[in-house]
Number of protein chains: 2
Amino acid sequence: METSNVIVSSRIRLARNLKNLPFTHKFKDAKDADEVISIAEKAFNKINAFSLYKMKDADEIKRIALVEKHLISKELAANTVNGALMLSADESTAVMLNEEDHFRIQSIKRGFALDEAYADAHKLDIALASTAMLAYSDTYGYLTACPSNVGTGLRASVMLFLPALTATNSISSVIVAVQKMGLTVRGIFGEGSKADGCMYQLSNQISLGITEEEILESVKSVAKTIEKSELEARQLLLNRQGVALKDKLSRSYGILKTAYVMSSKELRELVTNVKLAVSLNILDVDEKLIDEISTDCQPANITLIAGRNMNDYERDVMRAKYIREKLN
Amino acid sequence: METSNVIVSSRIRLARNLKNLPFTHKFKDAKDADEVISIAEKAFNKINAFSLYKMKDADEIKRIALVEKHLISKELAANTVNGALMLSADESTAVMLNEEDHFRIQSIKRGFALDEAYADAHKLDIALASTAMLAYSDTYGYLTACPSNVGTGLRASVMLFLPALTATNSISSVIVAVQKMGLTVRGIFGEGSKADGCMYQLSNQISLGITEEEILESVKSVAKTIEKSELEARQLLLNRQGVALKDKLSRSYGILKTAYVMSSKELRELVTNVKLAVSLNILDVDEKLIDEISTDCQPANITLIAGRNMNDYERDVMRAKYIREKLN
């Protein structure tokens, strides 16, 4: 069987709130927000060396770059009053502060590693619980600003790369099947459009009346099922299209290596093709490098790399230059 | 100034006939044709070691492959009764036998080298004249089957690569200007269509009442003028289109290196772009290799290389494979 690059990454998010403080949207003054930050620093720095970024101190490009990397939400990026982020050096652990909930602990791992991600997030959770009193109900579990997160406060998700299910139009039936199991699948770049990266996030929808283990097991098991379908769909594509598919995917790599102008949208298409080619043994390319390029070349991230503001066209030229240098 | 690859090759053709034999289309029997071949072998092998190919002994693919390489005419390839070719090992000298005229001596040189090509052809001409009596009139000069070749029997031509004049739609005014000077320009692959290789042949139209030196001088001088216009048009294109042009040309090379299916037509377009890119210092690629690929990948030549008959699609796949192997 070909290399499976279907499960791109695994992510755990825990929503937590302080017992003796109103929810974020009910804060009375800046002192409430500062208390959250101060408790977070005290608790989490026991576990890891985190950097603290206050949204009010970060310029817009930097904040959008963090959104592009899925390290913070758009909502946190926009909260330049009291939003903050604690980020580990390798960016695998990120805690959003004063977002919808006081604390949104997140752990992200490459590949299929939900248990490992959960273990990391759990360590931070323990540290937090030993530092401050958390909003917790014996009946409901953890209390959160939005009822959908009450209970475990846990969202377990995997990022899935599904080019073949997308190309064969099977993705909608996958989405329906997954919803019946209390999970949800959504496109990362604009809901499941073919051209756009073929990246999907599978996650649990329910966090109440169910244990952490049950949530993890259900996401893991559905992820494996979808992975199997995707791999079958890839073989089907290859059998059906053969050389024509090879030609299309291989040319994408040729273009990626030689272009002088590259839009975000075209890059996503080419990256999708190259990653599919790698998994089908059509191309021998370092997929980690391709993923890195894909992340770095998003509009705000490439602007940070360039170190100067650019118009759209200049950014497309800069993006192409960056890709050429990385690949040649 | 950028590297000039405008004048691709230089070619001399001398039309000669035996005095004591009817013109080819008036041959009485095979003996006439055999006499031409026998005299040719006697005369030309004094100068060079030639291989003799009789059209009746060569299969169709081999004959078409010679046409594709511009070594013989379509007419000679079709003359499987008595047509023959004498070819030097490096393919720079070729004599068609029993074509429209008994002898069509041709010398082909890479680049701008009409004088050298003429010197080579002239040696064969001397050898021929010292071996047999040629049809010659003191009034008209050499006598030929078609009146247009009477006189010197000389056609001097250069192959011109004119992508920028083609792209800027200036080629038609070049053609008109050239015609006023008694020369002619025609597209090599289908009269001047943009997509098709941008290769043109410039040659003299008149060979009567004019000396060999005058013909050579006039073709050389017009070739240099057209070269200058082409180089100016390239700079204009680059100044006008800048990065967009770079992007298009560079991507062409990426596609050439990675495709799994490649038609003749697409290859010609990509080769045109890559050669233009080399001349504008956008790409650092061995242009000789590109030209070699371009020649080898024509339908009959690639079939000879594959060593088996193929349908169109198989040939497109074989062509792409051959290109990938040559370039990677």
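See above for the structure.
Everything numeric here is computed off the predicted structure, so don't read it as measured data.

A. Looking closely at the environment of Asp247(A). Along the chain, Asp247(A) turns up in helix α7 (residues 212-258). Taking the relative accessible area as the measure of exposure, Asp247(A) reaches 11% and is therefore buried. Expressed as a C-alpha distance, the spacing of Asp247(A) and Ile282(A), which sit 35 residues apart in the sequence, is 9.4 Å. Aside from chain neighbours lying at most four places away, what touches Asp247(A) is Ala259(B), Tyr260(B) and Val261(B).

B. Focus on the interface of chain B and chain A. Taken together, the contacts link 17 residues of chain B with 17 residues of chain A. Together, Arg251(B), Thr258(B) and Tyr260(B) form the three largest contributors to the area buried by chain B at its contact with chain A, with a combined 40%. Inspection of the region where chain B meets chain A yields 2 salt bridges. Across the pair Arg251(A) and Glu266(B) runs a salt bridge, and its minimum N-O distance is 2.7 Å. Sorting the residues of the side of chain B that touches chain A by element identifies α7 (212-258) and α11 (312-327) of chain B as the ones contributing at least two each. Among the elements that take part in the side of chain B that touches chain A, α7(B) stands out by supplying 9 residues, more than any other.

C. Geometry of the packing of helix α2 (residues 60-68) of chain B against helix α10 (residues 299-306) of chain B. All names here are of chain B. At a closest axis distance of 7 Å, the pairing of α2 and α10 adopts a crossing angle of 130°. Classified by the angle their axes make, α2 and α10 are oblique. Regarding α2 and α10, the two cross each other, and that crossing is left-handed. Of the residues in α10, those touching α2 at Ile61, Lys62, Ile64, Ala65 and Glu68 are Pro299, Ala300, Asn301, Thr303 and Leu304. Its residues placed into classes, the contact of α2 with α10 shows 6 nonpolar, 2 polar and 2 charged.

D. Geometry of the relation of the copies chain B and chain A. Under the fitted operation, chain B is carried onto chain A by 0.0 Å of movement along the axis and a turn of 180°, and the coordinates agree to an RMSD of 0.0 Å. Taken together, the rotation and translation relating the two chain copies correspond to the operation of a two-fold axis. No C-alpha of chain B approaches the rotation axis more nearly than that of Gly254(B), which lies at 2.0 Å. Taken as a fraction of all interface residues of chain B, those also at the interface in chain A reach 100%, which identifies the copy contact as same-surface.

E. Looking closely at the packing of aromatic side chains. Using the criterion set out here, one finds 6 aromatic pairs over all chains in the structure. Arranged with centres 6.2 Å apart and planes meeting at 85°, the rings of Phe44(B) and Phe103(B) form a pair that is edge-to-face. Here Phe103(B) lies in strand β5 (residues 103-110) and Phe44(B) lies in helix α1 (residues 30-44), a separation of 59 residues in the sequence. For Phe44(B), a relative accessible area of 0% corresponds to the buried category. For the pair Tyr136(B) and Tyr142(B), a centre-to-centre distance of 4.9 Å together with 75° between the ring planes defines the contact as edge-to-face. Here the aromatic residues Phe44(A), Phe50(A) and Phe103(A) are joined through ring pairs into a cluster of three or more. Directly above the ring of Tyr260(A) sits Arg324(A), whose terminal nitrogen or CZ lies 3.8 Å from the centroid. Directly above the ring of Phe161(B) sits Lys275(B), whose terminal nitrogen or CZ lies 5.1 Å from the centroid.

What counts and how
Residues numbered from 1 in each chain as written. Chains lettered and ligands numbered in written order. Predicted model: local features only at pLDDT ≥ 70, side-chain atom pairs only at ≥ 80, totals over all residues. Heavy atoms only, no water. Helix = DSSP H or I, 4+ residues; strand = E, 2+ residues; numbered from the N terminus. Buried < 20%, exposed > 50% of the residue type's maximum accessible area, 1.4 Å probe, protein only. Contact = heavy atoms within 4.5 Å. Buried area = accessible area lost by both parts, 1.4 Å probe. Salt bridge = Lys/Arg side-chain N within 4 Å of Asp/Glu carboxyl O. Axes fitted to C-alpha atoms, helices over the stretch in contact; angles between N-to-C directions. Parallel < 35°, antiparallel > 145°, perpendicular 65-115°, else oblique. Left-handed = near helix turned anticlockwise from the far one by under 90°. Nonpolar A, V, L, I, M, F, W, Y, C, P; charged D, E, K, R; others polar. Least-squares fit on C-alpha atoms with pLDDT ≥ 70 in both. Phe/Tyr/Trp six-rings, centres within 6.5 Å; stacked < 30°, edge-to-face > 60°. Lys NZ or Arg CZ within 6 Å of the ring centre and 35° of its normal.

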